[in-house]
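Fold and geometry: a report
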Amino acid sequence: MDSFIQLSNFPKIAPYAKLFEQGMLVTVLLSLFTVMIGFVLALVLALMRLSNFRPLRFLGLDRDGHQREGGVLAVISRFNPLSFLATAYVEILRSTPVIVQIFIIYYGVFTLVELPSFQLFGFIKFDRFFPGVVALGMNSGAYLCEIMRSGIQSIDGGQTEAARSLGLSQVQNLRYIILPQALKNILPAIANEFVVIIKESAITYTIGVQDIMSAVNAVKGATFIIIEPLLVATAIYFCLCFPTSKLIAYFERRMSRGDKR
Amino acid sequence: MATRDSLIQVTDLKKHYRMGTIKALDGVTTDVNKGDVMVVIGPSGSGKSTFLRSLNLLEEPTGGAIIFDGVDITKKKYKDASGKTVKLDIDGLRQKMGMVFQHFNLFPHMTILENMVLAPMKVKGLDRAEAEKKAMALLERVGLADRADAYPIQLSGGQKQRVAIVRALAMEPEVMLFDEPTSALDPEMVGEVLDVMKELAREGMTMVCVTHEMGFAREVGNRVLFMADGKLLEEGTPEQIFEHPQHPRLRDFLSKVL
Ligand SMILES: Nc1ncnc2c1ncn2[C@@H]1O[C@H](COP(=O)(O)OP(=O)(O)O)[C@@H](O)[C@H]1O
Ligand SMILES: [Mg+2]
C-alpha cells in the first residue's frame, strides 16, 4: 500500500511552483485590502453604534422642554436608527457563514453590477478578486466593529467630560481625544485580524480567486495529486501567519511597556 | 434674587433618575455672583457633583432652570432678544465654564503643552505660537513650565491637578467649577493645589468648589452651601455655617468632619 505522503510526488508538482507563488501574493493582497475595508467599515459601524442620534428625541420632552423621566414616549424618544442599523448589520454578518456571504456577494450583487474584466499584475482576475475583497471586508468589518467599539468604550469617560468641558465638540472629542487612544489600544487586535483573514480567505477559491488554495486545486486538477500540494499550502500559510502573530505579540509587549513609562 | 453682578441663577433645579425614585437634585435654588468663591459641602451622595455638573450641562437637569448670560441653559432652544428661536450653543457655553475634576482627566496621549493648547487652538482658533505662549505663561504661574514636554504619566498627582487647572484657565472662562479637586491626592500634595486655587480666588475668579477641605472653605470661601439628599439645606458665610450652623443635618455633618 502507498504511504500517506509520497516524496516522489513533489518533483511532479514542482512545475506548478509559480502558481503557489502567485497564490501567496493574492492571499496577502486580498488580506491587506480586506483588513483596510474592514477597518474603515468597522470605524463607521462602531461610531454609528455609539452615536447619540435620536431623531425622535422631541417626543421625550415634556411641555416645558425638559427630558421626560420615563414612560413609552421616553423609550421611543431614545430610538437611534443609526445604532439599530449598525447593530443589525453586525449581528447578521456574525450569525451567518462566510461562504454564504461570499456567494451572495459574488453570484448576487456582482452579477447585477458588471465588473470590468482586467487582470492586476497580469494575472489577478479583477472580477473575482474584487468581490472576494468586498465580501471578506464586509465580514471582517462586522467583527472589527466590536473590537473598535470596546476599544472606544474602554477609554475613561472622564476624557470625554474633560474635552467637552473645554468646549470641544463631540466630533473634535472623537478625533483628538478618543480615537487616538482607542486605536492605539486596538492596533494589535487589528493586526491579529489580518492573520485571521489570511487563513479565512482560503475560502475565496470557491468563487475563483487565485489564492493559495486555488493553486492547490489547479495542481490537483492537472496531476491528480492532492496531499502534497496541500502540504505546500499548509507550509505557506504557516510561514505567513506564525511569524506575523509573533511579531504582533512582540510589538504589543513593547507598547504596553511604553505605557508604564 | 438676581443681583446686578449675578452670573448664574439656579432655580428649583432637579435631576431625577428612574422615574423620580432617585432624586440626585431635589429643587436647588441659589445664584452665583461674579467674584464669588462658593464652596459646596455635604455628605457623599448628597448631589454636590450633580449640582456642579448640571451647571455646564455634563448632566441634563430634569427640571428647573439655570440662567447663565441671560439664557436658560436647561432648554435646548430659546428665544433671543429679537424673538427668534435659536438653538442653545452648548460648546460655546462650556468654554465659559472651566471644570476641574477629582481625577484630573489630563489627556494621556498628549504632552502637557499639547494638553494646554488643544482647546485654545481647536475651539478658539488661536494659532499655535499664540496658544503656546499663553500656555507657557500659565504653566510658569504654577511652576510647571519645565514640564511642558512631559507626558501626564510622568507627573505627580499634585502636578497633574495644577496642569488641569491651568488647562481650563487657558480658555479664559468666566467661572471655574471644581469637583473635589484634592480628594484623589496624597495628603502632601493637597496644599500645592489649594494654593493655586487660593491665588485664583484672590485674583477675583468666580469659583464654585465642591470640597471636603473645610480649612479652604473657611479661609477662601465667601459663601458656603450645605447639601444633603439632593437639597440645599443651608447657605451662608463661612462664619455662619461653621460657627452658627442651624440645620441639625449640618451640625451632625460638621461634628463628623471637623
Ligand atoms: N446615573 C445615575 N443613575 C442613578 N443614580 C445616580 C446617577 N448618578 C448619580 N446618581 C445618584 O445621585 C445622588 C447624588 O450623586 P452625586 O451628585 O454624585 O453626589 P456627591 O457628589 O454629593 O457625592 C447619589 O445618590 C447617586 O447615587
Ligand atoms: Mg461627587
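This part takes up the sheet that holds strand E2 (residues 22-33) of chain B. Residue and element names in this part refer to chain B. The strand order across the open sheet formed by 4 strands is E2-E1-E4-E5, and the pairing between neighbours is antiparallel. Looking at strand neighbours, the two that pair on one side only are E2 and strand E5 (71-72), the edges of this open sheet. Pairing of strand E1 (residues 6-17) with E2, which is carried by 9 bridges, proceeds in the antiparallel orientation. Bridge pairing in E2 places Tyr17 opposite Ile22.

Let's shift gears to a nonpolar patch on the surface. Judged by side-chain polarity, Ile99, Val100, Phe103, Ile104 and Tyr107 of chain A come together as a nonpolar surface patch covering roughly 430 Å² of accessible area. Tracing the chain through its elements places Val100 of chain A in helix H5 (residues 98-112).

Within the element layout of this structure, Arg94 of chain B appears in helix H2 (residues 90-95). Here Arg94 of chain B sits buried without a salt bridge, and the closest side chain of opposite charge, Asp91 of chain B, lies 4.2 Å off (N-O distance). A polar contact of 2.9 Å, which involves the side chain of Arg94 of chain B, links it to the backbone oxygen of Asn56 of chain B. If near-sequence neighbours (up to four positions away) are discounted, Arg94 of chain B is found in contact with Arg164, Ser165 and Gly167 of chain A together with Asn56, Leu57 and Leu58 of chain B.

Here we come to the interface of chain B and chain A. The partner chain A presents 25 residues to the 36 residues of chain B that form the contact. Carbon and sulfur atoms supply 57% of the area buried between chain B and chain A, which totals about 2600 Å² over both sides. At the junction of chain B and chain A, the tally comes to 2 salt bridges. The closest approach of N and O atoms between Arg164 of chain A and Asp91 of chain B, which form a salt bridge, is 3.1 Å.

Here the focus is the packing of helix H3 (residues 112-122) of chain B against helix H4 (residues 128-141) of chain B. Residues and elements named next belong to chain B. The geometry of H3 relative to H4 is characterised by a closest axis approach of 9 Å and an angle of 125° between their N-to-C directions. Our classification of the angle between H3 and H4 gives oblique. Viewed along their axes, H3 and H4 form a crossing whose handedness is right-handed. In contact with Ile112, Leu113, Met116, Val117, Pro120 and Met121 of H3, H4 contributes Arg128, Ala131, Glu132, Ala135, Met136, Leu138 and Leu139. For the contact of H3 with H4, the class distribution of residues is 11 nonpolar, no polar and 2 charged.

Attention now goes to H3 of chain B. Counting buried positions along H3 of chain B yields 9 of 11 residues, so the element is predominantly enclosed. For H3 of chain B, the set of buried residues is Ile112, Leu113, Asn115, Met116, Val117, Leu118, Ala119, Pro120 and Met121 of chain B. In this structure, the buried side of H3 of chain B is in contact with helix H8 (170-200) of chain A together with H4 and helix H5 (157-169) of chain B.

A separate point is the site of ligand 1. Residues and elements named next belong to chain B. By nearness alone, every residue bordering ligand 1 is listed as Tyr17, Ile22, Ala24, Pro43, Ser44, Gly45, Ser46, Gly47, Lys48, Ser49 and Thr50. Contact between ligand 1 and Gly45: an oxygen atom at 2.7 Å from a main-chain N or O atom of the residue. One of the side-chain N or O atoms of Thr50 is found 2.4 Å from an oxygen atom in ligand 1. Where the shell around ligand 1 is concerned, the elements lending two or more residues are E2 and helix H1 (48-55). At 3 residues, the largest contribution of residues to the shell around ligand 1 is made by H1.

Another aspect to go through is the nonpolar core. Formed by 99 residues in total, the largest nonpolar core has its most connected members in Leu168 and Ile177 of chain A together with Ile8, Phe51, Leu55 and Val208 of chain B. Contact partners of Ile177 of chain A, with chain neighbours within four places excluded, come to Gln159, Ala163, Leu168 and Gln172 of chain A together with Phe107, His109, Met110 and Leu118 of chain B. Core analysis: the second largest hydrophobic core is formed by 55 residues, Ile112, Ile165, Ala168 and Val220 of chain B among them.

Further remarks concern the environment of Asp89 of chain B. All names here are of chain B. Along the polypeptide, Asp89 turns up in the loop between strand E7 (85-87) and H2. The class of Asp89 is partly exposed, set by a relative accessible area of 49%. In terms of polar contacts, Asp89 uses its side chain to reach the backbone amide nitrogen of Gly92, at 3.0 Å.

Here the focus is the confidence of the model for chain B. Averaged over all residues, the pLDDT of chain B equals 94, while 98% of them reach at least 70. Per the prediction output, this complex has pTM 0.87; the corresponding ipTM is 0.93.

Conventions and cut-offs
- Residues numbered from 1 in each chain as written.
- Chains lettered and ligands numbered in written order.
- Predicted model: local features only at pLDDT ≥ 70, side-chain atom pairs only at ≥ 80, totals over all residues.
- Heavy atoms only, no water.
- Pairing = 2+ DSSP bridges.
- Helix = DSSP H or I, 4+ residues; strand = E, 2+ residues; numbered from the N terminus.
- Patch = residues over 30% accessible without salt bridge, like charges linked within 9 Å, V, L, I, M, F, W, Y side chains within 5 Å.
- Areas by Shrake-Rupley, 256 points an atom, 1.4 Å probe, with all protein chains shown as cover.
- Salt bridge = Lys/Arg side-chain N within 4 Å of Asp/Glu carboxyl O.
- Buried < 20%, exposed > 50% of the residue type's maximum accessible area, 1.4 Å probe, protein only.
- Lys, Arg positive; Asp, Glu negative; His and termini not counted.
- Polar contact = N/O pair within 3.5 Å; in protein donor to acceptor, adjacent residues only side chain to side chain.
- Contact = heavy atoms within 4.5 Å.
- Buried area = accessible area lost by both parts, 1.4 Å probe.
- Axes fitted to C-alpha atoms, helices over the stretch in contact; angles between N-to-C directions.
- Parallel < 35°, antiparallel > 145°, perpendicular 65-115°, else oblique.
- Left-handed = near helix turned anticlockwise from the far one by under 90°.
- Nonpolar A, V, L, I, M, F, W, Y, C, P; charged D, E, K, R; others polar.
- Near = heavy atom within 4 Å.
- Core = buried A, V, L, I, M, F, W, Y, C linked by side-chain atoms within 4.5 Å.
- pLDDT = per-residue confidence, 0-100.

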